[in-house]
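Observations on chain architecture
Chain by chain, the residues run as shown.
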Amino acid sequence: MTLSLPAVAKLNLFLHITGRRDDGYHNLQTLFQLLDVGDELQFSPRADNQLNLQCNDLSLQGPDNLIIKAGRLLQQQTGCQLGCDIVLDKKLPMGGGLGGGSSDAATTLLALNALWQLKLSQEQLAALALQLGADVPLFVRGFSAFAEGVGEKLVPVQLPQKTYLVVTPPCHVSTAEIFQHPDLIRNSAPLSLDTLFSSPWRNDCQPLVEQLQPIVALTLQWLVEYAPCRMTGTGASVFAEFPDAASAQHALTHLPASCRGFIAKGVNQSPVMAALADTEFNA
Ligand SMILES: C[C@@](CO)(OP(=O)(O)O)[C@H](O)COP(=O)(O)OP(=O)(O)OC[C@H]1O[C@@H](n2ccc(N)nc2=O)[C@H](O)[C@@H]1O
Ligand SMILES: Nc1ncnc2c1ncn2[C@@H]1O[C@H](COP(=O)(O)OP(=O)(O)O)[C@@H](O)[C@H]1O
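Note that residues are indexed from 1 along each chain, following the sequence as it is written. Naming scheme: in the order in which they are written, chains are lettered from A and ligands are numbered from 1. Restriction of local features to residues with pLDDT of at least 70 applies here, the model being predicted, together with a cutoff of 80 or more for giving and counting side-chain atom pairs; totals for whole chains, interfaces and linings are based on all residues. Heavy atoms throughout the structure, all of them, feed into the side-chain values; hydrogens and water do not.

Description of the layout of surface pockets
Cavities and pockets were defined on a 1 Å grid built from protein atoms only: a cavity is a group of points that admits a 1.4 Å probe but offers it no way out, a pocket is an open group of points flanked by protein on both sides within 12 Å along at least five of seven lines, and a lining residue is one with an atom within 4 Å of any such point. Grid points are joined across faces, edges and corners, and a volume is the space filled by probe spheres set on the points. Estimated volume of the largest pocket: approximately 1200 Å³. Forming the boundary of the largest pocket are 47 residues, of which Leu66, Ser102, Asp135, Thr175 and Thr234 lie nearest the centre. Counting from the N terminus, the helices are DSSP H or I runs at least four residues long and the strands are E runs at least two residues long. Mapped onto the lining of the largest pocket, the elements with two or more residues apiece are β1 (3–20), β2 (26–46), α2 (100–115) and α5 (175–180). Of the residues that constitute the lining of the largest pocket, the class distribution is 18 nonpolar, 22 polar and seven charged. All amino acids are sorted into three groups, where Ala, Val, Leu, Ile, Met, Phe, Trp, Tyr, Cys and Pro are nonpolar, Asp, Glu, Lys and Arg are charged, and the leftover types, Gly among them, are polar.

Right under this line is the structure:
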């Protein structure tokens, strides 16, 4: 009995930082666009309480993986004595502002809730998700969303399903380091959703990341020759919107050799929801 589920990526179509909270976290206004591309996970429940993770990237197999943390959290919160063998096929670039680890964690919460028949509601799962990371509730809810708070106050939005080219330059940006940096723009005025939608979209982390990692600025300079582009999250990945897959593919064929790139479509609903609804484990 094995359940296979996707864990898709997200883009921040815009990201404004409106202040710093007393606990060090930052209040945001951001537009999360879910994509149709991501990691793949397989879950095979166990009668004992062991949680095992196998991954095509060996560096991710340790207990620090958000997948294992998600499983442990569910066990602790519900007293469940069951376990799971989990296989992660890691496809998304890591630490790239695409939310891959957060999405893996959310898919794990959804999968184990169904397999272990815990019957936790979406609200309960989203509250647990927030303990794992600011991005995780988005992927538990499974819809593209306008977000405030630290990213957990989510309002669903219907966005046109555009084609994106996502490019990850060869550098690592630590989310924590960006948020701690004194030069980060963190005083953007909170705006209404209407104003945000009708203003030019920007990412407040981008100027700092371009300064700290010049390769990000260079990658944006390359991509802007094909289409207007921005950074997602705290970087380092950047993206551009294209009118169709052919024009995105044209740019992708000229990708700088040091970068990774993929084409994806924006989706309003995460495919994990449809995949879960299709299974006999549906809670
Ligand atoms: C800011 C975003 C935008 O999408 O960046 P990316 O991770 O996607 O690049 C995310 O919300 C990140 O979500 P996530 O990666 O889950 O963040 P967490 O693990 O909770 O936090 C990582 C670090 O970032 C800081 N952090 C995170 C979110 C936030 N609103 N304010 C913060 O100051 C925290 O202090 C923490 O040290
Ligand atoms: N399942 C996972 N997939 C990817 N990274 C993970 C996972 N679990 C923990 N991590 C850690 O989280 C870091 C950031 O992961 P990721 O979600 O890919 O980045 P971002 O939040 O920038 O999109 C990684 O560098 C890795 O150390």
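Having seen the structure, we can now continue with the description.
Overview of the nonpolar core
In this structure, Phe43, Leu74, Cys84, Leu109, Leu112, Trp116 and Val140 are the most contacted members of the largest nonpolar core, which totals 48 residues. Take this core: its biggest share by element is eight residues, from α2. Whether two residues are in contact is decided by their heavy atoms, any of which lying within 4.5 Å being enough. Discounting chain neighbours no more than four positions away, the residues touching leucine 74 are Gly79, Leu109, Leu112, Asn113, Trp116, Leu118, Leu120, Leu125 and Leu128. To qualify as a nonpolar core, a set must consist of buried Ala, Val, Leu, Ile, Met, Phe, Trp, Tyr and Cys residues joined through side-chain atoms within 4.5 Å. Buried residues are those whose accessible area, probed at 1.4 Å on protein chains only, stays under 20% of the maximum for their type, while exposed residues exceed 50% and partly exposed ones sit between those limits. Formed by 29 residues, the second largest nonpolar core is a distinct cluster that contains Leu165, Met231, Ala251 and Leu255.

What to know about the UniProt feature "domain: GHMP kinase C-terminal" (unreviewed entry) in the protein
UniProt positions are given in the numbering used here, feature names are shortened, and annotations may be inferred rather than shown by experiment. Residues given the UniProt feature "domain: GHMP kinase C-terminal" (unreviewed entry) here are residues 198–258. The annotated region residues 198–258 carries 44% helix and 13% strand content, and the separation between its end C-alpha atoms amounts to 35 Å.

A look at the site of ligand 2
If you check the shell around ligand 2, you find 15 residues, and the closest are Asn65, Lys90, Gly97, Gly99 and Gly101. Between ligand 2 and the protein, one listed contact pairs an oxygen atom with a backbone N or O atom of glycine 96 at 3.4 Å. Two N or O atoms form a polar contact when they lie within 3.5 Å of each other; inside protein one atom must be a possible hydrogen donor and the other a possible acceptor, and for residues adjacent in sequence the pair counts only when both atoms belong to side chains. For ligand 2, a nitrogen atom lies 2.9 Å from a polar atom in the side chain of aspartate 104. The method behind every accessible area is Shrake-Rupley, applied with a 1.4 Å probe, and residues are considered shielded solely by the protein chains displayed. Protein chains shield 75% of the accessible area of ligand 2, which is 540 Å² for the free molecule. In a pocket analysis with a 2 Å cut-off to the grid points, ligand 2 is assigned to the largest pocket. Of all the secondary structure elements, the ones that give two or more residues to the shell around ligand 2 are α1 (66–78) and α2. It is α2 that provides the largest number of residues to the shell around ligand 2, a total of four residues. Only heavy atoms are used to decide nearness, and a residue is near a molecule or strand if one of them lies within 4 Å of it. Cavities and pockets are treated as containing a molecule whenever more than half of the molecule's atoms lie within 2 Å of their grid points.

Digging into the packing of α1 against α2
Throughout, an axis means a line fitted to C-alpha atoms (over the contacting stretch in the case of helices), and angles, computed between N-to-C directions, take values from 0 to 180 degrees. Direction vectors running N to C along α1 and α2 enclose 35°, while the axes themselves pass 8 Å from each other. For the pair α1 and α2, the sense of crossing is right-handed. Between α1 and α2, the contacting residues are Leu66, Ile67, Ala70, Gly71 and Leu74 on the first element and Gly101, Ser102, Asp104, Ala105, Thr108, Leu109, Leu112 and Asn113 on the second. Within the contact of α1 with α2, the residues separate by chemical class into seven nonpolar, five polar and one charged. Helix crossings fall into two classes, left-handed where the near helix is turned counterclockwise from the far one by less than a right angle and right-handed where it is turned clockwise.

Quick notes on the site of ligand 1
Around ligand 1, a shell composed of 18 residues is seen, among which Lys10, Tyr25, His26, Asp135 and Thr234 lie nearest. At 3.5 Å from an oxygen atom of ligand 1 is found a side-chain nitrogen or oxygen belonging to threonine 175. For ligand 1, whose free accessible area comes to 680 Å², the fraction covered by protein is 83%. Mapping ligand 1 onto the cavity grids shows that it belongs to the largest pocket. Within the residue set of the shell around ligand 1, elements represented by two or more residues are β1, β2 and α5. Looking at the shell around ligand 1 residue by residue, the class counts come to seven nonpolar, nine polar and two charged.

With respect to the packing of aromatic side chains
Only Phe, Tyr and Trp rings are paired, with Trp represented by its six-membered ring, and only when their centres lie within 6.5 Å; those with planes under 30 degrees apart are stacked, over 60 edge-to-face, the remainder tilted. This model, assessed by the stated rule, comprises five aromatic pairs. With 5.6 Å between their ring centres and 65° between their planes, phenylalanine 14 and tryptophan 201 make a pair best called edge-to-face. Highlighted residues: phenylalanine 14 in strand β1 and tryptophan 201 in the loop between α6 (193–198) and α7 (206–212), separated in sequence by 187 residues. Here phenylalanine 197 and tryptophan 201 contribute two aromatic rings whose centre-to-centre distance is 5.9 Å and whose plane-to-plane angle is 75°, an arrangement assigned as edge-to-face. Given the relative accessible area of 27%, tryptophan 201 is considered partly exposed. A connected cluster of aromatic rings, assembled from ring pairs, spans Phe14, Phe146, Phe197 and Trp201.

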